[in-house]
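Chain by chain, the residues run as shown.
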Amino acid sequence: MQPTALVEIRWYQEGKRMNYSRVYALFLLSVFLTSCRQNQTNVPKDNIKSEIKDIGPNIMVRNIKKGRNGTILIAGPNNSSFGDVFRYDPSKAGEKSFTNLSSKIGSHIFWDVLEDRRGNLWFTTTDSGVYNYNGKTIQHFTTTEGLANNRVTSVYEDKAGSIWFGTEGGLSRYDGKMFRNFTSPNTPLFYKEGHWNNDIHTILEDKTGKLWIGTRGDAFVYDGKKFTTLIHKGEPFLDVWAIMEDRKGTIWLSGYNGFKVGRTGGLYRYDGSTFTKVSERGAYAIIQDKKGNIWTTGPVNPANWTVQALSRYDAGSLYSNEPLVTEIRSGKSFLGLSEANDGSIWFGDATGVYRYDGKTITDFYNKEGQKKYIIDTKQSVVVWQGSMLLGGWEGTKFLGDGSNTGDVDLVKGELLIENRHLMGGAVEVDMNTIEQKFDDQRQHNKLPPFFDVKKFPVSTFVITKVETGNDGNTKVPNDGSIKVTTEGNIKVTGNLTMEGITKAVTFPAKMHFKDGMDGTVEVNGTLILDRTDWGIDYGSEKHFYQSGDAILDDVKFFMKIVAKK
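Cut-off values and rules
Residues numbered from 1 in each chain as written. Predicted model: local features only at pLDDT ≥ 70, side-chain atom pairs only at ≥ 80, totals over all residues. Heavy atoms only, no water. 1 Å grid on protein atoms, 1.4 Å probe; cavity = no way out; pocket = protein on both sides within 12 Å on 5 of 7 lines; lining within 4 Å. Points joined across faces, edges and corners; volume = space filled by probe spheres on them. Helix = DSSP H or I, 4+ residues; strand = E, 2+ residues; numbered from the N terminus. Nonpolar A, V, L, I, M, F, W, Y, C, P; charged D, E, K, R; others polar. Pairing = 2+ DSSP bridges. Axes fitted to C-alpha atoms, helices over the stretch in contact; angles between N-to-C directions. Buried < 20%, exposed > 50% of the residue type's maximum accessible area, 1.4 Å probe, protein only. Contact = heavy atoms within 4.5 Å. Polar contact = N/O pair within 3.5 Å; in protein donor to acceptor, adjacent residues only side chain to side chain.

So, the layout of surface pockets
Taken as a whole, the largest pocket holds about 1100 Å³ of empty space. If you trace the largest pocket, you find 32 residues lining it, with Lys65, Tyr156, Leu204, Ile286 and Ile287 closest to the centre. Listed by contribution, the elements that provide at least two residues to the lining of the largest pocket are β3 (63–66), β7 (110–115), β11 (152–157), β15 (200–205), β20 (235–245), β24 (285–288) and β28 (334–339). When grouped by side-chain class, the residues that make up the lining of the largest pocket number 16 nonpolar, 8 polar and 8 charged.

Structure (structure tokens):
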């Protein structure tokens, strides 16, 4: 797109008087100029298939790397508090080929992954430093062990076998024994008051042994002795997320050249002496496939990250002024990118991972249409809790409120899930199994006065509405960032039928996919109901003044529901 067209459009939009016909004409001109030498062909929807048996991770796929023996490593967060790292093993395709590698480490925001030449796995997090797994033990590295910062967004192995980490506090190099840190490596030209040059995005070692570093601030090169800021037209490259060296030794990078970021963002190549702008399209990740084509994920327009794409630059036109670009798929967010041994292209978005074989895109996390999850009655638990109206005392010592708990078994049930959201479902409860537990954990069925189990042996609950906890305003951001802290918090409304009476109830719950996978969902909720609304008034507090003692009318039900696809 020509800069003059952008300037004209912006001027008319910001002016008090707008010439809409001229704006429209300029818009068409800009579309034409942007489309020159481009073949923007989205894969037809018929060529996108969902993998039902091989269910993939439900995470924002920040990074995809090659592992050993043809495996694919996938890392990323699933909200602001958690994340996961997975391995895809093609030898198990069609079965359970995805394995959660980070489940034993605990809940952290995993961001990047690397399998080094010795077979060790490195997991970076943005909240807890770095983890190393050698197949037997897990080792944890933080600032206490010498890491520059505990927010780590990239990991890279150089030719000497040293492991480099890009952190929010600079570069860290680990030689197997100790860390050496590089903080404030080059004087910032853009934001001199801040520390953006310490916020490392990506690391690459070229064929000559130089390190190319992309940062939130100025990009730079390290030759082992000094740091040199990348300059083009007198201005630095800023906010560089992706750097790649092709087979000819040409460097490709995506960022903004200078301070007028609205007009200078895009994809650049460097032949050793000159930078050339290749495309207006930006890139979060860049790779070159076996055929010589270059692939990118990222924004179609770097000034607006809300529209992104998986793009392919034709090998035969890479070094022309306007390389031929094919847009394979567009959407709101495309991030991690890698080529598998079989030549297929793997890419990630905000909710899962995909594979493109040149004809068909395989969606390993099927997000279209409702999916039925059958409740596992053995793993699901419902516990009730009831209390006396008055507390017990011995002198001034409080003995408690007489609370007792008990279990109730589920007969069967299902949940309906669509695009990671609970849409509906139903469950049946066996009222004959209500049991009261005492401190010695002996079970006693001592509740006949409460329920007429012979007449009403089964109670049912049917979901009628599900809302997010923030008045429906909780949404996953489109810009690839992670700002949501309550994505799984929901408010469930449904009809509860008990003792032949049906009434609407609402309760809070939290839903998440186990191990970040789409195959098993867990719902943790608490329902508080007034039992007398269903005609269960034995020992009711409403009769306190007649009976002299009473049981609270409110009963709590703690639920852990496990359902599988």
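Alright, that's what it looks like, and here's the rest.
A short note on the sheet that holds strand β16 (residues 211–215)
Spatially, the 4 strands line up as an open sheet ordered β15-β16-β17-β18, and their pairing is antiparallel. Looking at which strands have only one partner, the edges of the open sheet turn out to be β15 and β18 (227–229). Neighbour-to-neighbour, the strand axes of this sheet turn through a mean angle of 25°, independent of strand direction. One ladder, built from 3 bridges, connects strand β17 (residues 220–222) with β18; its direction is antiparallel. Looking across to β18, one finds that Tyr222 is bridged to Phe227.

With respect to unusual backbone geometry
You will see that Asn69, though not glycine, has its phi angle at about 55°, which is positive. Inspection of the secondary structure assignment puts Asn69 in the loop between β3 and β4 (72–77). One non-glycine residue, Glu499, lies in positive phi territory at about 55°. Of note, Glu499 is situated in the loop between β40 (489–498) and β41 (501–513). Classification of Glu499 by relative accessible area gives buried; the value is 15%.

Looking at the sheet that holds β11
Note: strands within a sheet are paired through backbone hydrogen bonds, in either parallel or antiparallel orientation. On the basis of which strands lie adjacent, the open sheet formed by 4 strands has the order β11-β12-β13-β14 and antiparallel pairing. Lying at the two open borders of the sheet, with one neighbouring strand each, are β11 and β14 (179–182). Geometrically, the sheet is characterised by an average inter-axis angle of 20° between neighbouring strands, direction not taken into account. As paired strands, strand β12 (residues 163–167) and strand β13 (residues 170–174) are joined by 5 bridges and run antiparallel to one another.

Considerations on the environment of Lys159
As for its position among the elements, Lys159 is in the loop between β11 and β12. Put simply, Lys159 and Glu205 are 46 residues apart on the chain and 8.0 Å apart in space, counted from C-alpha to C-alpha. When residues no more than four places from it in sequence are discounted, the contact partners of Lys159 are Arg117, Glu205, Asp206, Lys207, Thr208 and Gly209. A polar contact is formed between the side chain of Lys159 and the backbone oxygen of Lys207, at a distance of 3.1 Å.

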